[in-house]
Amino acid sequence: MKRALRAFFRALQMTLRGESLAPAHYRPLTAWMDGVGSQLSLVLDTADEQGFAQEQRQNLRLKLDGRLTSFEQSLQMLRHNLKNEYPRLIRLNDRYSMMVVQSINMNDQYRLSRFLEDGLIESLPLRQALEELNERLLNLPQIKFPQGGQ
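Residues numbered from 1 in each chain as written. Predicted model: local features only at pLDDT ≥ 70, side-chain atom pairs only at ≥ 80, totals over all residues. Heavy atoms only, no water.

1. Looking at the overall build of the protein chain
Now for step 1: The helix and strand tally for the protein chain stands at six helices and two strands.
Now for step 2: Helices (α) and strands (β) of the protein chain occur, in sequence order from the N terminus, as α-α-α-β-β-α-α-α.
Now for step 3: Looking at the 150 residues of the protein chain, the share that counts as buried comes to 37%.
Now for step 4: Within the protein chain, residue pairs in contact and separated by at least 24 positions form 71% of the contacts whose partners lie at least 6 positions apart. (Helix = DSSP H or I, 4+ residues; strand = E, 2+ residues; numbered from the N terminus. Buried < 20%, exposed > 50% of the residue type's maximum accessible area, 1.4 Å probe, protein only. Contact = heavy atoms within 4.5 Å.)

Structure (structure tokens):
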């Protein structure tokens, strides 16, 4: 009985925080998400340390696919996807969700790689942190569904 109550309260705490336990086959993806999130935080911290604060990141814009997109907006879209979209897709737990994750990741990686290619980011520490983030985005793990899975 104690074990069931403990599990119930743990599940309730996680629900209140918006968390959930991912199915085992998604563990490589959740580990990748944690690594990308840590690297994204490092990029933002490095940018701030190098005097490239949020306002400057917002003013750095590129025309991507016919639209002006800021560096800050690109970083925040990645953060949103890591915290909201990917966990929602993991909870769906179907093969199509992983295709959506791949598509979203490809878009995030494309935007950030264009900022790297453009050469407007001159700070070497920031470029290195951004290159590492880009490399992590390029290494999205493949998920193998268990036999009989959706």
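2. A short note on the confidence of the model for the protein chain
Now for step 1: Per-residue pLDDT for the protein chain has a mean of 89; in total, 87% of the residues score no lower than 70.
Now for step 2: Mean pLDDT values for the elements of the protein chain range from 67 in helix 1 (residues 2-16) up to 97 in helix 6 (residues 124-138). (pLDDT = per-residue confidence, 0-100.)

3. Description of the packing of aromatic side chains
Each aromatic ring pair is summarised here by two numbers: the centre-to-centre distance and the angle between the ring planes.
Now for step 1: Counted by the stated rule, this structure contains three aromatic pairs.
Now for step 2: Measuring from ring centre to ring centre gives 6.1 Å for Trp-32 and Tyr-86, while their planes differ by 45°; the resulting arrangement is tilted. Pair noted here: Trp-32 is in helix 2 (residues 27-49) and Tyr-86 is in helix 4 (residues 71-92), with a separation of 54 residues, a long-range link.
Now for step 3: Among the residues examined, Trp-32 registers a relative accessible area of 9% and is labelled buried. (Phe/Tyr/Trp six-rings, centres within 6.5 Å; stacked < 30°, edge-to-face > 60°.)

4. Considerations on the nonpolar core
Now for step 1: The biggest cluster of nonpolar side chains holds 35 residues, and the ones touching the most others in it are Leu-29, Phe-71 and Leu-133.
Now for step 2: Of all the secondary structure elements, the ones that give two or more residues to this core are helix 2, strand 1 (61-64), helix 4, helix 5 (95-118) and helix 6.
Now for step 3: For this core, the element with the highest residue contribution is helix 2, accounting for eight residues.
Now for step 4: If we ignore the near neighbours within four places in the chain, the residues touching Leu-29 are Ile-90, Met-98, Val-101, Leu-140, Pro-141 and Ile-143. (Core = buried A, V, L, I, M, F, W, Y, C linked by side-chain atoms within 4.5 Å.)

5. Structural notes on the side chain of Thr-46
Now for step 1: Tracing the backbone shows Thr-46 in helix 2.
Now for step 2: Relative accessible area serves as the criterion here: at 9%, Thr-46 is assigned to the buried category.
Now for step 3: Every residue in contact with Thr-46, bar those within four places of it in the chain, is listed here: Pro-125, Leu-126 and Ala-129.

6. Remarks on the packing of helix 2 against helix 6
Now for step 1: The contact between helix 2 and helix 6 brings their axes to 9 Å, and the two run at 165°. Accordingly, the angle class assigned to the pair helix 2 and helix 6 is roughly antiparallel. Considering the relative orientation of helix 2 and helix 6, their crossing is left-handed. The residues of helix 6 that touch helix 2, namely those facing Trp-32, Gly-35, Val-36, Gln-39, Leu-40, Val-43, Thr-46 and Ala-47, are Pro-125, Leu-126, Ala-129, Leu-130, Glu-132, Leu-133, Arg-136 and Leu-137.
Now for step 2: Broken down by class, the residue content of the contact of helix 2 with helix 6 amounts to 11 nonpolar, three polar and two charged. (Axes fitted to C-alpha atoms, helices over the stretch in contact; angles between N-to-C directions. Parallel < 35°, antiparallel > 145°, perpendicular 65-115°, else oblique. Left-handed = near helix turned anticlockwise from the far one by under 90°. Nonpolar A, V, L, I, M, F, W, Y, C, P; charged D, E, K, R; others polar.)

7. Here's the deal with helix 4
Now for step 1: End to end, helix 4 covers 30 Å across 22 residues, agreeing with the expected 32 Å (1.5 Å per residue, within 8%).
Now for step 2: When the local axis directions of helix 4 are compared, the greatest deviation, roughly 45°, occurs at Asn-81.
Now for step 3: Here helix 4 has its buried residues at Phe-71, Glu-72, Ser-74, Leu-75, Leu-78, Asn-81, Leu-82, Tyr-86, Leu-89 and Ile-90.
Now for step 4: As for helix 4, its buried residues are in contact with helix 2, helix 3 (54-59), strand 2 (67-70), helix 5 and helix 6. (Expected span 1.5 Å × (residues − 1). Bend = angle between axes of the 7 residues up to and from the residue.)

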